[in-house]
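A look at the structure
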Amino acid sequence: MKRKLIAAIGVAGMLVSIAACGDDDKKDDGAKGGDAKSLTVWLTVDAQKNWPDLVKAADDAIVAKHPGLKINHEYYGWPDKNAKLDAVLATDKAPDVVEMGNTEMLAYSVKGAFAEVDPSKFDNSSAWLDGLKASVTYDGKTYGVPYYAGGRTATWRKDVAADAGVTAAPKTYTELTADLDKIQEKKGDKFSSWYQPTRDWYAAMSYVYDAGGSIAKEDGGKFKANLSSPESLKGLNEYKNILGKYMHGDKTKDEADRPIVYGQGKSALIFSAAWEGGSAALPENDKVGKLADKIESFVMPGPSGKAMPVFLGGSDLAVPVKSKAQALAAEWINAFTGTQGQKGLIAKQNLPNNKTDLAPLKSDPKTAVAATAAESSWFVPMAPGWGQVEKAKVLQDMLQAIGTGKKSVEQAAKDADTAIDKVINTK
């Protein structure tokens, strides 16, 4: 899935009028019902370019139930959408449905921007993927509907592996590290058998969660940082070990240009969003030559003996609290993301929003890796102050301190916990 999810953390000023209008909106039952004459749906350009037929199918299904209804669509690029949304939420011109990256949901939910929805009204809601379900849940309530998912997989160079005497992708973590040892010995210290950007907290936290740790824990409605726990430290220590043995690039970098670096042929393995291997093989990035024929993806094994839990990216659909057609908006969302919609999204090479539709994909060679990887996932703490943690780059700075040796794992984790605890419960 070639796109990045942009965290929405600057919405407080734009949403000051939302809470004040809440009581009046609740009384406007007719407007919130199914009698509206029009519906405005905001989606990103992904839908416009890649599956406009699915949008039309949802439109047709709803118009068939509500003759005369006019459905208006607006499409936005990811970098532009939130600025436009913030501005319109301060007016009475809010859309009725808006697509959100799953990492964007929390800040808006905390500020009361979205209406609560009833999960039972949406197909397969009891089987929503864990990472997506978490993204639409705040303070015990549901404020959106998962749309589709994007997983993380391991991608490596078959040719480099074969040259080191490795003939098959690893199934276990022991096999993985043994294979990487062989590749590293064969290629030398100027080559990264695993190009793992130090500040990539999505990969690092997968180690933490695989070890039974977490970024933070909720207790009695409050969140407490948990990176200093024995389990979390175990994961962080293994992450440091990986960086020391296999990552021979700049230990201060993040993952922003990983596909470009991988395309240059300076590494054998990446653990990344599933689309990154394909992006590295694009003509503008491929400096290896026919890289697409030389790479394969596999499910990243974890030290625990299970598949590595991955951060699950993706999109959700939400109904702004100022929408005057909330019931119709919910109907449209279900038509778009329900059983038939998911079949269409799967056909467009997306992962579905639920485990029921995901299960058959695990037995299809074309989708088995991505589907299996997505089955075990984690998500960020759905705490009111999480946006401040991300904005301050607490995790990235901790990982850089660990990777460069500036701090011990224990000290870096302790300092990160202190920084997280200062803001994580603050709206």
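So, here is what we can say about the structure in this document. These numbers were taken from a predicted model, which means no experiment stands behind them. Think of each chain on its own: its residues are numbered from 1, step by step along the sequence as written. Per-residue local features of the predicted model are confined to residues with pLDDT of at least 70, and side-chain atom pairs are confined, for both listing and counting, to 80 or more; whole-chain, interface and lining totals are unaffected and use all residues. Side-chain metrics in this entry use all non-hydrogen atoms of the structure; hydrogen atoms and water are not considered.

Glancing now at the overall build of the protein. Along the protein, the regular secondary structure elements total 20 helices and 15 strands. In this description the radius of gyration comes from C-alpha coordinates, and the expected globular size is given by 2.2 Å times residues to the power 0.38. Against the 2.2 N^0.38 benchmark of 22 Å for 427 residues, the protein shows a C-alpha radius of gyration of 22 Å, consistent with a compact globule. Along the first, second and third principal axes, the C-alpha atoms of the protein reach 70 × 45 × 35 Å. For every residue, the accessible area (1.4 Å probe, protein chains only) is compared with the maximum for its type, and the residue is labelled buried under 20%, exposed over 50%, or partly exposed between those bounds. When each of the 427 residues of the protein is scored for burial, the buried share is 53%. For the protein, the accessible surface area stands at approximately 18100 Å², while carbon and sulfur atoms represent 50% of it. Working convention for charge: Lys and Arg count positive, Asp and Glu count negative, and His plus the chain ends are omitted. A charge is said to be at NZ when it belongs to Lys, at CZ for Arg, at CG for Asp and at CD for Glu. Both charge centroids of the protein, one from 55 positive and one from 55 negative side chains, sit 3 Å from each other. Only DSSP runs of H or I reaching four residues or more are called helices, and only runs of E reaching two or more are called strands; each is numbered from the N terminus. Here the accessible surface of atoms and residues is derived via Shrake-Rupley with a 1.4 Å probe, and residues count as covered only by protein chains that are part of the display.

All right, on to the packing of aromatic side chains then. Note on ring pairs: Phe, Tyr and Trp rings are taken, using the six-membered ring of Trp, and paired if centres are within 6.5 Å. Classes follow the plane angle, with under 30 degrees stacked, over 60 edge-to-face and the rest tilted. The full count for this structure, using the stated rule, is 17 aromatic pairs. Three or more aromatic residues link up through ring pairs in this structure, and these residues are Trp201, Tyr202, Tyr209, Phe311, Trp378, Phe379 and Trp386.

A separate point is the sheet that holds strand S2 (residues 70-76). Strands are treated as partners if at least two bridges between them are detected by DSSP. Strand order across the open sheet formed by five strands is S2-S1-S3-S14-S6, with mixed pairing between neighbours. Both edges of this open sheet fall to S2 and strand S6 (145-150), since each of them pairs with a single strand only. For this sheet, the mean angle separating the axes of adjacent strands, direction not counted, is 20 degrees. For S6 and strand S14 (residues 313-318), the ladder comprises five bridges, and the chain directions are antiparallel. Across the sheet, the residue bridging to Val145 is Leu317, located in S14. Each axis is a line fitted through C-alpha atoms, taken for helices only over the stretch in contact, and angles between the N-to-C directions span 0 to 180 degrees.

This part takes up the packing of helix H19 (residues 394-404) against helix H20 (residues 409-423). Orientation of H19 relative to H20, taken along the N-to-C sense of each, is 165 degrees, at an axis distance of 9 Å. When the axis of H19 is compared with that of H20, the two are roughly antiparallel. Note that H19 runs across H20; the crossing there is right-handed. The residues of H20 that touch H19, namely those facing Val394, Leu395, Met398 and Ile402, are Val409, Ala412, Ala413, Ala416, Ala419 and Ile420. Residue polarity follows a fixed list, in which Ala, Val, Leu, Ile, Met, Phe, Trp, Tyr, Cys and Pro are nonpolar, Asp, Glu, Lys and Arg are charged, and the others, Gly among them, are polar. Within the contact of H19 with H20, the residues separate by chemical class into 10 nonpolar, no polar and no charged. Any angle that is under 35 degrees is reported as roughly parallel, and any over 145 degrees as roughly antiparallel; angles of 65 to 115 degrees are reported as roughly perpendicular and all others as oblique. Take the far helix as the reference: if the near one is turned anticlockwise from it by less than a right angle, the crossing is left-handed, and if turned clockwise, right-handed. Working rule for contacts: check all heavy atoms of both residues, and any pair within 4.5 Å makes them a contact.

Working definition of a nonpolar core: buried Ala, Val, Leu, Ile, Met, Phe, Trp, Tyr and Cys residues. They are joined through side-chain atoms within 4.5 Å. Ranked by internal contacts, the top residues of the largest apolar core, which has 112 residues, are Trp194, Trp201, Met205, Trp332, Phe336 and Met398. With residues up to four places along the chain from it excluded, the contact list for Met205 reads Ile215, Leu227, Leu236, Trp378, Leu395 and Met398. The next biggest cluster of nonpolar side chains, apart from the first, holds nine residues, and it includes Leu132, Leu312, Leu358 and Ala374.

Once that is clear, we can look at the pairing of strand S10 (residues 222-225). Only one face of S10 is covered, namely the face carrying Phe223 and Ala225; the face carrying Lys222 and Lys224 is uncovered. In textbook terms, the turn of a hairpin is the stretch between consecutive antiparallel strands, and for strand S9 (residues 216-219) and S10 this stretch comprises two residues, one of which, Gly220, has a positive phi near 65 degrees.

This part is about the environment of Tyr262. Along the chain, Tyr262 turns up in helix H12 (residues 258-263). Note on Tyr262: relative accessible area 0%, which makes it buried. Separated by 17 residues in the primary sequence, Tyr262 and Ser279 place their C-alpha atoms 9.4 Å from one another. Residues within four places of Tyr262 in sequence aside, it is in contact with Thr155, Trp156, Arg157, Ser267, Ala268, Leu269, Ile270, Ala280, Leu291 and Ile295.

Using only the protein atoms, space was sampled on a 1 Å grid; points where a 1.4 Å probe fits but cannot get out form cavities, open sets with protein on both sides within 12 Å along at least five of seven lines form pockets, and lining residues are those with an atom within 4 Å of a point. Grid points are joined across faces, edges and corners, and a volume is the space filled by probe spheres set on the points. Counted under the stated rule, the structure contains one cavity of 30 Å³ or more. As a volume, the largest cavity reaches approximately 30 Å³. Along the walls of the largest cavity sit Trp201, Trp386, Val389, Glu390, Lys393, Val394, Leu395 and Gln396, which together make up its complete lining. The set of elements that each furnish at least two residues to the lining of the largest cavity consists of helix H18 (386-391) and H19.

Let us now look at the sheet that holds strand S11 (residues 267-273). Paired through backbone hydrogen bonds, the strands of a sheet run either parallel or antiparallel to each other. Spatially, four strands are ordered S8-S11-S7-S12 in an open sheet, and the strand pairing comes out mixed. Across the chains shown, the open sheet's two edge strands, defined by having one partner strand only, are strand S8 (192-194) and strand S12 (295-298). Pairs of neighbouring strands in the sheet enclose a mean axial angle of 30 degrees, with direction left out of account. Direction of pairing for strand S7 (residues 152-157) relative to S11: antiparallel, over a ladder of five bridges. Among the inter-strand pairings, Thr153 is bridged to a residue of S11, identified as Ser272. Strands in contact with helix H9 (residues 173-187) are S7, S8, S11 and S12; relative to S8, the strand with the most contacts, it is inclined by about 165 degrees.

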